[in-house]
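# Observations on the three-dimensional arrangement
The primary structure of each chain is shown beneath.
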Amino acid sequence: MKRALLLTVFTTLSFIQPALSGIVIKTTLTIGRKSNNCSGFGICSISSSSSYTEGAINGIITVDEESGSMTICVDKKDIEKVQPDKANYFDNKSTVVFAEDYSFPNEINIAAKVRNPIVIRKGEYSLTYKNGKYYIELLL
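Residues numbered from 1 in each chain as written. Predicted model: local features only at pLDDT ≥ 70, side-chain atom pairs only at ≥ 80, totals over all residues. Heavy atoms only, no water.

Strand order in the open sheet made by the 7 strands is β2-β1-β3-β4-β9-β8-β5, with antiparallel pairing throughout. In the strand order of this sheet, the two ends are held by β2 (39-48) and β5 (95-98), each with one partner. When the angles between neighbouring strand axes are averaged without regard to direction, this sheet yields 35°. Across 5 bridges, the pairing between strand β8 (residues 123-130) and strand β9 (residues 133-139) is antiparallel. Looking at the pairing, K130 lines up with K133 of β9. (Pairing = 2+ DSSP bridges. Helix = DSSP H or I, 4+ residues; strand = E, 2+ residues; numbered from the N terminus. Axes fitted to C-alpha atoms, helices over the stretch in contact; angles between N-to-C directions.)

Laid out in structure tokens, this is it:
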């Protein structure tokens, strides 16, 4: 009975959240263009975090260097609570546009165990919304 219940819960969770493969890094971040005092859209700052931080936009970065991909996941409620002016960059959108390159800090590169530092290049990227979270898909 317990085994059947666990299998049901695991199966349900796998449909709720996309499968995360590769290295998973918990983060806190500030949305905005670093070069523009954090106004506009982009990543103004990001750091690794060991747990959920109240009053911050919490995120998860998944890096799969083998496939050359990375996903940034952020919670819609955190955006609405911490930086409500940034919600318009996400709501009812299928892409986001980074207006400038962003180089990840060394602590994220070390945690990701990548050969080359991670840089988000200026451009348009796929955005999906599922179960209260936004997912930005990037190529390394």
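Mapped onto the secondary structure, T28 falls in strand β1 (residues 23-33). Apart from the residues lying within four places of it in its own chain, the contact partners of T28 are S45, I46, S47, S49, T53, A56, I57 and N58. (Contact = heavy atoms within 4.5 Å.)

For the structure on display, the rule yields 7 aromatic pairs. Relative to Y125, the ring of F98 has its centre 5.6 Å away and its plane inclined at 75°; by these criteria the two rings are edge-to-face. On the criterion of sequence distance, the pair formed by F98 in strand β5 and Y125 in strand β8 is long-range, its members being 27 residues apart. No difference in accessibility class separates F98 from Y125, as the two residues are buried. Pairing Y102 with F104 gives two aromatic rings, centres 5.5 Å apart and planes at 85°, and the pair type is edge-to-face. What makes Y102 buried here is its relative accessible area of 7%. Accessibility expressed as a relative area gives 5% for F104, which makes it buried. Following the ring pairs from residue to residue traces out a cluster consisting of F41, Y89, F90, F98, Y125, Y129 and Y134. (Phe/Tyr/Trp six-rings, centres within 6.5 Å; stacked < 30°, edge-to-face > 60°. Buried < 20%, exposed > 50% of the residue type's maximum accessible area, 1.4 Å probe, protein only.)

This next bit is on empty space enclosed by the protein. Over the atoms rolls a probe the size of a water molecule, and in doing so it shows where empty space is left. In this structure the tally under the stated criterion is 2 cavities of 30 Å³ or more. By volume, the largest cavity amounts to about 70 Å³. Around the largest cavity sit L29, I31, F41, G42, I43, I72, V74, F90, F98 and I136, which together line it. Of all elements in the fold, only β1, β2 and β4 (69-75) reach the threshold of two or more residues within the lining of the largest cavity. The residue makeup of the lining of the largest cavity, split by class, is 9 nonpolar, 1 polar and no charged. In this model, the second largest cavity occupies a volume close to 50 Å³. As for the second largest cavity, its lining consists of G32, R33, K34, F41, G42, I43, F98, A99, E100, D101 and Y102. Sorting the residues of the lining of the second largest cavity by element identifies β1 and β2 as the ones contributing at least two each. Among the elements that make up the lining of the second largest cavity, the one with the highest residue count is β2 (3 residues). (1 Å grid on protein atoms, 1.4 Å probe; cavity = no way out; pocket = protein on both sides within 12 Å on 5 of 7 lines; lining within 4 Å. Points joined across faces, edges and corners; volume = space filled by probe spheres on them. Nonpolar A, V, L, I, M, F, W, Y, C, P; charged D, E, K, R; others polar.)

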